[in-house]
Amino acid sequence: MRYKNILKLILPAILFVQYVQAQTISSEELNYLTSAWKGERFVDGRPKIPESLIERAKKVSVEDVWTILKNEGYTNQYEGGWKTIDDKVVAGRALTAQFMPSRPDLVQNIKAKGKEDGRIGDTNAWPIDELSKGDVYVADGFGKIAGGTLIGSNLGNSIYSKSENGVVFDGSARDMDGLSEIEGFNAFVRDWHPSFLQDMVLTGLNKPIRIGQAVVMPGDLVLAKRAGVIFIPAHLAEKVIATAEFIVLKDKFGHAMLREGTFTTGEIDSQWNDKIKDEFIKWIKINASDVPLTRSDVDRFMEQRTW
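Predicted, not measured: the structure shown is a model, and the values here were computed from it.

Here is what the cut-offs are and how they apply
Residues numbered from 1 in each chain as written. Predicted model: local features only at pLDDT ≥ 70, side-chain atom pairs only at ≥ 80, totals over all residues. Heavy atoms only, no water. Salt bridge = Lys/Arg side-chain N within 4 Å of Asp/Glu carboxyl O. Helix = DSSP H or I, 4+ residues; strand = E, 2+ residues; numbered from the N terminus. Buried < 20%, exposed > 50% of the residue type's maximum accessible area, 1.4 Å probe, protein only. pLDDT = per-residue confidence, 0-100. Contact = heavy atoms within 4.5 Å. Expected span 1.5 Å × (residues − 1). Arc of directions from axis to C-beta. Polar contact = N/O pair within 3.5 Å; in protein donor to acceptor, adjacent residues only side chain to side chain. Pairing = 2+ DSSP bridges. Right-handed = clockwise from strand over helix to strand, strands pointing away. Phe/Tyr/Trp six-rings, centres within 6.5 Å; stacked < 30°, edge-to-face > 60°. Lys NZ or Arg CZ within 6 Å of the ring centre and 35° of its normal.

Draft legend 1. Here's a closer look at the pattern of salt bridges. Applying the stated criterion across every chain, the model contains 17 salt bridges. Here Lys-83 makes a salt bridge to Asp-191, at a shortest N to O gap of 3.0 Å. Within this pair, whereas Lys-83 is found in the loop between β1 (78-79) and β2 (90-101), its partner Asp-191 is found in strand β7 (residues 191-192), the two being separated by 108 residues in sequence. What makes Asp-191 partly exposed here is its relative accessible area of 24%.

Draft legend 2. Region of interest: the confidence of the model for the protein chain. On average, residues of the protein chain score 89 in pLDDT, and 92% of them reach the 70 mark or higher. Contacts from residues 1-22, a stretch scored under 50 in pLDDT, to residues over four places away or in other chains number nine contacts.

Draft legend 3. Layout of unusual backbone geometry. The phi dihedral of Phe-142 falls on the positive side, at around 45 degrees, and the residue is not glycine. Although it is not a glycine, Asn-206 adopts a positive phi angle of roughly 60 degrees. With respect to the element layout, Asn-206 can be found in the loop between β8 (200-205) and β9 (209-211). Owing to a relative accessible area of 5%, Asn-206 belongs among the buried residues under this scheme.

Draft legend 4. Molecular detail of helix α11 (residues 274-286). With 13 residues, α11 should cover 18 Å at 1.5 Å per step; its first-to-last C-alpha distance of 19 Å lies within 8% of that length. When we look at burial in α11, the residues that qualify are Ile-276, Phe-280, Ile-281, Trp-283 and Ile-284. Take α11 and look down its axis: the buried residues cluster within an arc of 160 degrees, on one side only. Exposed and oriented more than 90 degrees from the buried face of α11 are Asp-274, Lys-275, Lys-285 and Ile-286. Sitting at the amino-terminal end of α11 is Asn-273, which places a side-chain oxygen 3.1 Å from the backbone nitrogen of Lys-275.

Draft legend 5. Structural detail: the environment of Asp-191. Remark: the alpha-carbon pair of Asp-191 and Asp-170, spanning 21 residues in sequence, is separated by 9.1 Å. Those residues in contact with Asp-191 that sit more than four places away from it in its chain are Lys-83, Ile-145, Gly-171, Ser-172 and Ala-173. In this structure the side chain of Asp-191 is engaged in a polar contact, spanning 3.0 Å, whose partner is the side chain of Lys-83.

Draft legend 6. Focus on the pairing of strand β4 (residues 167-170). Alternating positions in β4 separate into two faces, Val-167 and Phe-169 on one and Val-168 and Asp-170 on the other, with burial throughout. Here strand β3 (residues 135-140) pairs with β4 via four bridges, running parallel. What sits directly across from Tyr-137, in β4, is Val-167. For the crossover that starts at β3, traverses helix α7 (residues 153-163) and ends in the parallel β4, the hand is right-handed.

Draft legend 7. Representation of the packing of aromatic side chains in the model. Considering all chains together, one arrives at seven aromatic pairs under this definition. When the ring of Phe-280 is compared with that of Trp-283, the centres are 6.4 Å apart and the planes differ by 15 degrees; the resulting orientation is stacked. Note that Phe-280 and Trp-283 are positioned in helix α11 at a spacing of three residues, about one turn of the helix. Given a relative accessible area of 15%, Trp-283 falls into the buried group. Taken together, the ring pairs connect Phe-246, Phe-253, Trp-272, Phe-280 and Trp-283 into an aromatic cluster. Sitting above the plane of the Phe-42 ring, Arg-46 keeps its charged end 4.6 Å from the centroid.

Structure representation (structure tokens):
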């Protein structure tokens, strides 16, 4: 009986500590969840995908990335149905945030803990303080539109000053005109709404989240284009982008051959014979300055690919 009474006293404290830890995932836990990544990491534990790879990602298609990830067994990485400021591509490392509908006791405890940790302002501003250059602020706003406006022009300017990048929100934003004045910034949101944020609270930061049908891990390579948003696991980023670049090369060559009438549609749009392969290698040599892959990379893909 005595042990039951003791358990009643300490259980709420244990649950509270677990909750606090769950709100911001520890670097040790994130290292474990992303253990397939063997490269450099941020202090918070997120994989630090190189800037050069992020720039390369901007030039490949969402469709090619989707196909490559599907072949690797990753079938829950894409989400469509977005509204944006313009057509600017957003690419970078995911910094994730999870929001939930608010309730008084939850909000009170989260804000009290945030105050202890030196956090300032409403909880939708807290993820912004964690941003680094090249990050993409990715938020699960549970699809809320009215009262779900996670940023306006003030927070948008703060985000861009820290990350030089855009955002992806499964929720809404306000002040589209003001945000459109931030050169280089773009927002992928479910909709725009004039309301202010209300009845929402941050319940998770730098932890796995869900964006629609997609699973997002902190540090994932985010690629957001008109075709939709896809989240590439960090440990696959180099392989996926290089493979997509090879597909781009193959398609460019095929289009050029079709325009010139060198090969027929049936020849290009099926397994290539040795003659087409030889012409492809010659074409790569001629256009070497526009080829992002090394010759050894090309040879490797030629050997691995089923023609």
